[in-house]
Amino acid sequence: MMPFAGGPESLSNGTLLLSAVAAFLYLLMLHRPPSWRRTVVKTGSVALLAVLAQVEGGPLLLIAALALSAIGDAFLAQDGEKAFLGGLASFLVAHLAYVALFAGVGAGMEILVVQPWRLALPVVVTLAALPLLRRLLPAAGPDMRLAVAAYAAAILAMMWSSATVAAPLVMVGAAMFVVSDAILATAKFLFAPASRHHAWAAPSVWVLYYLAQVAITFAFIL
């Protein structure tokens with residue numbers, strides 16, 4: 001049973017399948033050195049979700065957020081601080097696009113009063129993120145501290161704005177996004193280079209991140 005009209009050969013279902021295949025291939029290539037093939041499959045995974053959103057008539061801000069995320073993936077497929085900062089900047093703008101999207105379609109903060117259960121995920125995520133941020137900022141160093149703080153503010157704003165959207169799947173996707181980024185930041189700034197924790201951190205980051213993008217995309221186009 002395919003999520004969109006038609007079989008696997010339809011444009012929407014075919015695009016989704018190609019995206020999933022690219023995501024799986026990148027999972028297999030996670031620990032390989034940077035290469036054009038590795039960059040293509042990583043970037044293509046979410047870029048194809050942007051194409052899917054376009055084909056299905058999704059909101060422009062959703063398409064923009066997915067496209068910006070794909071650009072961020074292209075940066076993060078490379079090594080080095082410049083590539084990391086490029087990825088950070090791309091995802092920061094992507095999160096701001098998501099905030100604008102969620103705020104535009106959401107019911108406002110009033111829904112959090114009427115349906116207080118929606119506060120659970122944002123509160124838990126925020127309470128977990130703040131002490132982590134206190135550890136990350138000193139470890140990031142003076143050159144990265146402001147960028148990391150700005151990014152953390154943007155992704156927490158995305159988390160809270162997602163709670164105002166009627167479809168709970170958006171909030172679930174946002175929470176997976178935050179957890180993925182928290183693991184990524186912990187691995188980069190707090191794990192030692194030779195730590196055995198990198199073995200599980202990298203695949204966890206990718207799987208959570210990709211599922212987050214799929215969840216948010218599906219919430220708006222299905």
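Residues numbered from 1 in each chain as written. Predicted model: local features only at pLDDT ≥ 70, side-chain atom pairs only at ≥ 80, totals over all residues. Heavy atoms only, no water.

Considerations on the overall build of the chain
We count it as follows: The secondary structure listing takes helices from DSSP runs of H or I that are at least 4 residues long and strands from runs of E that are at least 2 residues long, numbered from the N terminus. Radius of gyration here uses only the C-alpha atoms, and the compact-globule reference equals 2.2 Å multiplied by the residue count raised to the power 0.38. Burial classification: accessible surface area is computed with a 1.4 Å probe over protein chains only, and a residue below 20% of its type maximum counts as buried, one above 50% as exposed, and the rest as partly exposed. In what follows, residue pairs with any heavy atoms lying within 4.5 Å of each other are defined as contacts. Surface accessibility in these figures is a Shrake-Rupley result with a 1.4 Å probe; residues are shielded only by whichever protein chains are displayed. As used throughout, the charge tally considers Lys and Arg to be positive and Asp and Glu to be negative, leaving His and the chain termini uncounted. In plain terms, the charge of a residue is placed at NZ if it is Lys, CZ if Arg, CG if Asp and CD if Glu.
Within the chain one finds nine helices and zero strands. A globule of 222 residues ought to have a C-alpha radius of gyration of about 17 Å, and the chain, at 17 Å, matches this closely. Seen through its principal axes, the chain has C-alpha atoms that stretch 50 × 45 × 25 Å. By the burial criterion, 48% of the 222 residues in the chain qualify as buried. Counting only contacts in the chain whose residues sit at least 6 apart along the sequence, the fraction spanning at least 24 positions is 70%. Within the structure as shown, the chain displays about 10,600 Å² of accessible surface, and the carbon and sulfur contribution to it stands at 74%. Charged side chains in the chain number 11 positive and 8 negative. The centres of these two groups are separated by 11 Å.

A short note on a nonpolar patch on the surface
Where we set the bar: Patch definition: residues above 30% relative accessible area lacking any salt bridge, with like charges linked at up to 9 Å and the nonpolar side chains Val, Leu, Ile, Met, Phe, Trp and Tyr linked at up to 5 Å. The working definition used for a salt bridge is a side-chain nitrogen of Lys or Arg within 4 Å of a carboxyl oxygen of Asp or Glu.
Together, V21, F24, L25 and L28 make up a nonpolar patch on the protein surface, roughly 380 Å² of accessible area in all. Mapped onto the secondary structure, L25 falls in helix α1 (residues 11-29). According to the relative accessible area criterion, L25 is partly exposed, its value standing at 36%.

A few points about the environment of M176
Inspection of the secondary structure puts M176 in helix α8 (residues 168-189). Sequence separation between M176 and A215 is 39 residues, and the spatial gap between their C-alpha atoms is 9.3 Å. Ignoring anything within four residues of it in the chain, the contact list for M176 reads L208, L211, A212 and A215.

Quick look at the confidence of the model for the chain
Residues shown with low pLDDT carry predicted positions that ought not to be read at fine detail. The cut-off we apply is this: Within a predicted model, pLDDT stands for the predictor's per-residue confidence, ranging from 0 to 100.
Residues at a pLDDT of 70 or more form 100% of the chain, whose mean pLDDT is 95. Averaged pLDDT values over the elements of the chain bottom out at 92 in helix α5 (residues 110-114) and peak at 98 in helix α3 (residues 60-76).

Topic: the pattern of salt bridges
Taken as a whole and judged by the stated rule, the model has one salt bridge. One salt bridge in this structure joins K188 and E81, with 3.1 Å as the shortest N-O distance. Pair noted here: K188 is in helix α8 and E81 is in helix α4 (residues 81-105), with a separation of 107 residues, a long-range link. Overall, K188 belongs to the partly exposed group, its relative accessible area being 33%.

Quick word on the packing of α1 against helix α9 (residues 198-221)
Going by this rule: Throughout, an axis means a line fitted to C-alpha atoms (over the contacting stretch in the case of helices), and angles, computed between N-to-C directions, take values from 0 to 180 degrees. For this classification, under 35 degrees means roughly parallel, over 145 means roughly antiparallel, 65 to 115 means roughly perpendicular, and everything else is oblique. For a crossing to be left-handed, the near helix must be turned anticlockwise from the far one by less than a right angle; the clockwise case is right-handed. Under the scheme applied, nonpolar residues are Ala, Val, Leu, Ile, Met, Phe, Trp, Tyr, Cys and Pro; charged residues are Asp, Glu, Lys and Arg; polar residues are all the others, including Gly.
Direction vectors running N to C along α1 and α9 enclose 165°, while the axes themselves pass 10 Å from each other. When the axis of α1 is compared with that of α9, the two are roughly antiparallel. Between α1 and α9 lies a crossing of right-handed hand. Between α1 and α9, the residues in contact are L16, S19, A20, A23, Y26 and L27 and P203, W206, V207, Y210 and F218, respectively. Of the residues in the contact of α1 with α9, the class split is 10 nonpolar, one polar and no charged.

Digging into the nonpolar core
Cut-off, in case you're wondering: Nine residue types can take part in a nonpolar core, namely buried Ala, Val, Leu, Ile, Met, Phe, Trp, Tyr and Cys, and a core is a set of them joined through side-chain atoms within 4.5 Å.
Among the nonpolar cores identified, the biggest contains 60 residues, and L62, L66, Y98, F102, M158, F177 and F189 are the most heavily contacted of them. With residues up to four places along the chain from it excluded, the contact list for M158 reads H95, Y98, V99, F102, A174 and F177.

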